[in-house]
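# Analysis of the macromolecular model
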Amino acid sequence: MESTMKNLGDEASVLDMDSKSTVGGGVEDLYGEDSATEDQLVTPWTISVASGYSLLRDPHHNKGLAFTEKERDAHYLRGLLPPICISQQLQEKKLMNSIRQYQVPLQKYTAMMELQERNERLFYKLLIDNVEELLPVVYTPTVGEACQKYGSIFRRPQGLYISLKEKGKILDVLKNWPERNIQVIVVTDGERILGLGDLGCQGMGIPVGKLSLYTALGGVRPSTCLPITIDVGTNNEQLLKDEFYIGLRQRRATGQEYAELLHEFMTAVKQNYGEKVLIQFEDFANHNAFELLAKYRTTYLVFNDDIQGTASVVLAGVVAALKLLGGSLVDQTFLFLGAGEAGTGIAELIALEMSKQTKAPLEETRKKVWLVDSKGLIVSSRKDSLQQFKKPWAHEHEPVKDLLNAVKAIKPTFLIGSSGVGKTFTKEVIEAMASFNEKPVIMALSNPTSQSECTADEAYTWTKGRAIFASGSPFDPFEFEGQVFIPGQANNAYIFPGFGLGLVISGAIRVHDDMLLAASEALAAQVTKENFDKGLIYPPFSNIRKISAHIAANVAAKVYELGLATRLPRPENLVKYAESCMYGPVYRMYR
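Going by an unreviewed UniProt entry, the chain carries the name Malic enzyme and comes from Rhizophora mucronata. Its UniProt record gives the chain a comment under Sequence similarities (unreviewed entry), which states: "Belongs to the malic enzymes family."

Sheet architecture is open: five strands sit in the order β1-β3-β2-β4-β5, paired in parallel fashion. Single-partner strands in this sheet number two, and they are β1 (160-163) and β5 (302-304). With direction set aside, neighbouring strand axes in the sheet form an average angle of 25°. Docked against the sheet, helix α13 (residues 286-296) engages β4 (278-281) and β5, running at close to 155° with respect to β5.

Ranked by size, the top nonpolar core spans 121 residues in total, and within it F334, I350, M443, F499 and L503 carry the most contacts. A per-element tally of this core places helix α23 (residues 544-561) first, with 10 residues. M443 has contacts with V314, V318, F414, L415, I416, G417, F425, A470, I537 and Y538, leaving out every residue within four places of it along the chain. Ranked by size, the runner-up nonpolar core spans 37 residues in total, among them V232, F265, Y273 and V277.

Attention now goes to the confidence of the model for the chain. Per-residue confidence for the chain gives a mean pLDDT of 92; residues scoring 70 or more make up 95%. Here residues 1-21 is a poorly scored stretch, pLDDT under 50, and it has 35 contacts once near neighbours within four places are set aside; other chains count.

Look at helix α12 (residues 255-273) against α13: their axes get within 12 Å of each other, and the N-to-C directions meet at 45°. Classified by the angle between their axes, α12 and α13 sit oblique to one another. Two packed elements cross with a definite hand, and for α12 against α13 that hand is right-handed. Facing α12, whose interface residues are Y258, L262, H263 and M266, α13 presents N288, L292, K295 and Y296. Classifying every residue of the contact of α12 with α13 by side-chain character gives five nonpolar, two polar and one charged.

In this section: the packing of aromatic side chains. Tallied over the entire structure, the rule returns 17 aromatic pairs. Ring centres of F281 and F284 lie 5.7 Å apart, and the angle between their planes is 85°; this geometry places the pair in the edge-to-face category. The pair F281 / F284 is uniform in exposure class, with both members buried. With a centroid separation of 6.3 Å and an interplanar angle of 10°, the aromatic rings of Y460 and F478 are classed as stacked.

With that out of the way, let us pick up the sheet that holds strand β7 (residues 369-373). Taken together, the seven strands give an open sheet; going across it, the order is β8-β7-β6-β9-β10-β11-β14, and neighbouring strands pair in mixed fashion. Looking along the sheet, the strands with just one partner apiece sit at the ends: β8 (376-377) and β14 (488-489). When strand β11 (residues 468-471) meets β14, the two strands line up parallel, connected through two bridges. Note on β14: the bridge partner recorded for S471 is Q489. Packed on one face of the sheet, helix α14 (residues 305-325) meets β6 (334-337), β9 (414-417), β10 (441-444) and β11 and runs near 155° to β9. Strands β6, β7, β8 and β9 of the sheet are contacted by helix α17 (residues 403-410), whose axis makes an angle of about 175° with β6.

The subject of this paragraph is the domain arrangement of the chain. Here the chain is described as being made up of domain 1 (52-129), domain 2 (141-300), domain 3 (318-490) and domain 4 (494-569). Measuring from the centre of the C-alpha atoms in domain 2 to the corresponding centre in domain 3 gives 31 Å. Between domain 2 and domain 3, the contact holds 10 residues from the first and 10 residues from the second. In this assembly, domain 2 packs against domain 3 so that about 790 Å² is buried in total across both faces, 66% of it on carbon and sulfur atoms. Measuring nitrogen to oxygen at the nearest pair gives 3.2 Å for the salt bridge that ties R192 to E341.

Here the focus is unusual backbone geometry. For the bond running from T140 to P141, omega is 10°, close enough to zero to count as cis. Tracing the backbone shows P141 in the loop between α6 (131-138) and α7 (142-148). The residue after L568, namely P569, is reached through a cis peptide bond having omega 0°. Locating P569 in the fold gives a position in the loop between α23 and α24 (574-581). Residue Y76 is not a glycine yet carries a positive backbone phi of 60°. Counting through the fold element by element, Y76 comes out in the loop between α2 (69-74) and α3 (88-101). Positive phi values are uncommon outside glycine, yet E481 reaches one of about 50°. Relative to the helices and strands, E481 resides in the loop between β12 (478-480) and β13 (483-485).

Rules used throughout
Residues numbered from 1 in each chain as written. Predicted model: local features only at pLDDT ≥ 70, side-chain atom pairs only at ≥ 80, totals over all residues. Heavy atoms only, no water. UniProt positions renumbered as here; feature names shortened; annotations may be inferred. Pairing = 2+ DSSP bridges. Helix = DSSP H or I, 4+ residues; strand = E, 2+ residues; numbered from the N terminus. Axes fitted to C-alpha atoms, helices over the stretch in contact; angles between N-to-C directions. Contact = heavy atoms within 4.5 Å. Core = buried A, V, L, I, M, F, W, Y, C linked by side-chain atoms within 4.5 Å. Buried < 20%, exposed > 50% of the residue type's maximum accessible area, 1.4 Å probe, protein only. pLDDT = per-residue confidence, 0-100. Parallel < 35°, antiparallel > 145°, perpendicular 65-115°, else oblique. Left-handed = near helix turned anticlockwise from the far one by under 90°. Nonpolar A, V, L, I, M, F, W, Y, C, P; charged D, E, K, R; others polar. Phe/Tyr/Trp six-rings, centres within 6.5 Å; stacked < 30°, edge-to-face > 60°. Domains from an automatic or database assignment. Buried area = accessible area lost by both parts, 1.4 Å probe. Salt bridge = Lys/Arg side-chain N within 4 Å of Asp/Glu carboxyl O.

This is the structure:
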């Protein structure tokens, strides 16, 4: 059973491929994960060749009852499995039947996580083939509940936990991770999980879920993905008193202590994994999110999905909605409820796109975008008391204390909710939007479903079926006066997987705002006439791998254009190249 790489024999191995075959960002395809290597034989390496019981316990290589007769003989599996050999398709059918028996979404989530820990390829096969059904299970809204109960459902660790205890030793902690070729890291400190607040160490469910989607939807290899939670304590009293809480039992570190830990982490990541690893900041509180992005965006390959990813997916919806509304982007007026990471991030990208289209200064195009926070409309008379990231949106206007009066005063064509507070788009607010817009655009983006500013049926009913609606969490189709409306979902999962793939395959070293605009344009271009006829401003998730390939190609093209690519020469056909780099979940045949 013991062997070394030198004794593989004369057959071609994934380990022996030349650089043209190691397409995924130039990193060797050790596990045979890319679509380009689907037909090649793979050696199931761990430290030595995995065989027997260890092979069945290795999620990278385990195929369960799908091991062939030849593989069972070659890898000492006789007697360790029942005698039947079945196909991956039958395994998938059996598991989907089993998952559909569960009535509680959290049970479905737990079943999927257990599958991921047991048989990685089968997990991704299920998720890719049943994406519309399973996306709400492994991501929002169910992942929110999973994070709230993470201490109770915790089975085995996924990813790295870096706490204040590891200060001064973070590089050593990173070296404990078994994989060396890391391309994407999703990191959180758990302070602002979805709309649920401070969940501390239990926020790990978010990086794990996000990276599952990087692989399933964007095709980034799972072996190159690393979820990380930075535990600096929690201010959630309920968790501090919970005997099952898995994190540090102390109040959050702030100020210099927090900044030093984060800086040590960033330095260690670059030292251990190099310049081209994408670090995605996820669910940090507003003050830290903006500060971290501003501090590191010029020296690291960093991306904040809450600020930049949300902005990109919403801009794509806005661009697509213009096909239904008519007119150009600069003709529109935008009003946001919520002036945090998401709201200001979306507003900035919309203003950037307006500036790009009209060649007008950014300061001018920002005036077409208004924001309402907890104290009312953001206006210039409030400038001295505003946080720094809100100041660009303080325009000349008399003070307005609430959303309804702001809607009546500003008369927006787009009403966008990113407040994290449910039921804030009231009947009066929606009816006011409908009173001066033939087709009011209502985007209730807050997650999970309970925090959505309004539901799809409320938006359609209160506008008498005239609204163009999209939400952050999924809503079922709704029938109004004989017409069936299919709500669009402005889900970040449209953008970040393909965006990440584009950065990886081009070997990008920095993220530029123009790359986010390129991702938005690519997504908007995927909305078909058939989708528009149903009132949709986003394409169906069933085509997400194709959509991600186009987004990756558009982003990579922009990376090359800006001179920020290290993967040279530039491939001729970036869409085909992106597709060849995408992870394929089909079982490989073993020697």
